[in-house]
Amino acid sequence: MTMPEATRPLTANEVTYDRAAEAPVEAIIERDADDRAAAMPADGMGCHAPAEQMEAAARAAGNGDVLDKLAADYPRGPHDKPESMCPAFGSLRVGLRMRRVATVLSGSACCVYGLTFVSHFYGARRSVGYVPFNSETLVTGKLFEDIREAVHDLADPDRYDAVVVINLCVPTASGVPLRLLPKEINGVRIVGIDVPGFGVPTHAEAKDVLSGAMLAYARAEAEAGPVPAPESGRSDRPQLALLGEMFPADPMMIGAMLAPMGLAAGPVVPVREWRELYAALGCGAVAAIHPFYTASVREFQAAGRPVFGSAPVGVEGTADWLAAVGDAFGVPAAQVAAAQNAFVPAVKAALARVPITGRITLSGYEGSELLVARLLIESGADVAYVGTACPRTPWSEIDREWLEARGVPVKFRASLADDLAAVDGLSPDLAIGTTPVVQHAKERAIPSLYFTNLISARPLMGPAGAGSLGEVINAAIAGKARMDGMRAFFEGVGVGDATGVWEGAPNLRPDFRAAHQKKLDKAARAAKAQEMI
């Protein structure tokens, strides 16, 4: 229910570009919580619905097996919904970065818009396909027919090796059966996956959902007969597959460290073209640089490939990791020692050139948080807390044990509340984390760095990684005085009732606050009474 208000007059110095400011503003008359609940019953099918309702709907629609598999591969944390960006972005990113692969989304229009925007913000150069739907096509099954028609239209072998279809929350909850799509059309592979926000906790793990599905498809093809080699050709040396997205220089550095042992770096999974899947499955072993790729590890193990964790970061990490590679390939001890002697001293020298002094809290959702923490500690930093939104797995144990042996608490499936509490309770000289953590720290005049753009976007492996973090970390810590000055200058501005942009003095209305608090108290009493029934 609404009623018109008077049009706000323009001020003398206000610049306008159209007449939108002259439109009447409508004021919303608030209803009591009970009235709103009666007027708008939750149907459990909107993307706004609680995770429990979405999951119940998906199971009722026949997608229980899909959810059980996701729950086994990606166990949830203390929060029922992702606290980073939409998980489907991870799968979408993998598909869009592959050559000759079309990626199609099936989900609510608002979700598809957001995912498309974020994809192109991060540099995607390919179009995102979308199969729209409405309540009728969703309920009658016409949406599945539309998806099937869309993949038939896209399946042009001159343009594509594969078409990937991703179900978002609502189609998954409605039971849209992508498993019934043809496996191949005109020689083009069709890969359908479900990536609901109520089933996949982070976008990092969603990369594994699609990578695992493609590896399973490629493994079945390789078992059925000969498959083509990647465009880059085959190596004349045994190769090590690398699992997890990395800075582009890291695979090259790893390849240089493997050379003294007579080995070569293989494809990085997620791959950039379909043929690289065959090459990855054909490698002699797999390094789980990012330890949460559970579905991908399952496919490698089914292909008989040994998988080991950690990465060549820091002095101890590099020496131990090269030894693990030697064990996996049966390399003679002398060759392993040659590789260690060639690179471990270089790593040590790089760390010594740019030492780090200061207390740091570290958190993120990329999956490389433990590796970064190791590198910071060997650089001299006091790392007081490590939080990762990713789960604990067998392939993260080496790094977890190394950190905890040095008194560093490691929190898997860390919530935003965990990360903020670490910043507040540990008073770090620098907070490294996600956007809300960085914002929280800056409000307290604590220097902070965004993990994804400023830490993940740097080499971490070998000598190159050893010297990559020191300068940016030290520069941030040195900015403490500037942060204090800005906080003192802006103290009290834009907080509490004064939040927003005001042409004059903030219009404080304590009566509104009191009225709203009464509504909250009434709703709380009603909820408490309902519990007692």
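Note that the structure is predicted; figures quoted are calculated from it, not measured. (Residues numbered from 1 in each chain as written. Predicted model: local features only at pLDDT ≥ 70, side-chain atom pairs only at ≥ 80, totals over all residues. Heavy atoms only, no water.)

Visitor: Teacher, can you tell me more about helix α17 (residues 416-426) here?
Guide: In an α-helix, one turn spans 3.6 residues; hence positions three or four apart end up facing the same way. All of the buried residues along α17 are D419, L420, A422 and V423. Mapping the buried residues of α17 onto a view down its axis gives an arc of 150 degrees, with all of them on the same face. Opposite the buried face of α17, at more than 90 degrees from it, the exposed residues are A417 and G425. Residues of α17 that are buried sit in contact with β12 (359-364), β13 (382-388), β15 (430-433) and α18 (435-443). S427, located one to two residues past α17, shows a positive phi value of around 45 degrees. (Buried < 20%, exposed > 50% of the residue type's maximum accessible area, 1.4 Å probe, protein only. Helix = DSSP H or I, 4+ residues; strand = E, 2+ residues; numbered from the N terminus. Arc of directions from axis to C-beta. Contact = heavy atoms within 4.5 Å.)

Visitor: Explain the sheet that holds β13 to me, please; I cannot follow it from the model alone.
Guide: Spatially, β14-β13-β12-β15-β16 is the arrangement adopted by the five strands of the open sheet, whose pairing is parallel. The open sheet is flanked by β14 (410-412) and β16 (448-450), the only strands paired with a single partner. The average angle at which neighbouring strand axes cross in this sheet is 10 degrees, direction not considered. With six bridges joining them, β12 and β13 adopt parallel strand pairing. Bridged to I360 within β13 is V383. Its contacts with the sheet put helix α15 (residues 369-378) on β12, β13, β14 and β15, and the angle it makes with β13 is roughly 175 degrees. (Pairing = 2+ DSSP bridges. Axes fitted to C-alpha atoms, helices over the stretch in contact; angles between N-to-C directions.)

Visitor: Even after reading the chapter, I still don't get the packing of α15 against helix α16 (residues 397-404), so can you show me in this structure?
Guide: For any two helices packed against each other, one specifies the crossing angle of their axes together with the interaxial distance. Contact pair α15 / α16: the axes reach a minimum separation of 10 Å and the direction vectors enclose 35 degrees. Of the two elements, α15 crosses α16, and the hand of that crossing is left-handed. Of the residues in α16, those in contact with L370, L371, A373, R374, I377 and E378 of α15 are I398, D399, R400, W402 and L403. (Left-handed = near helix turned anticlockwise from the far one by under 90°.)

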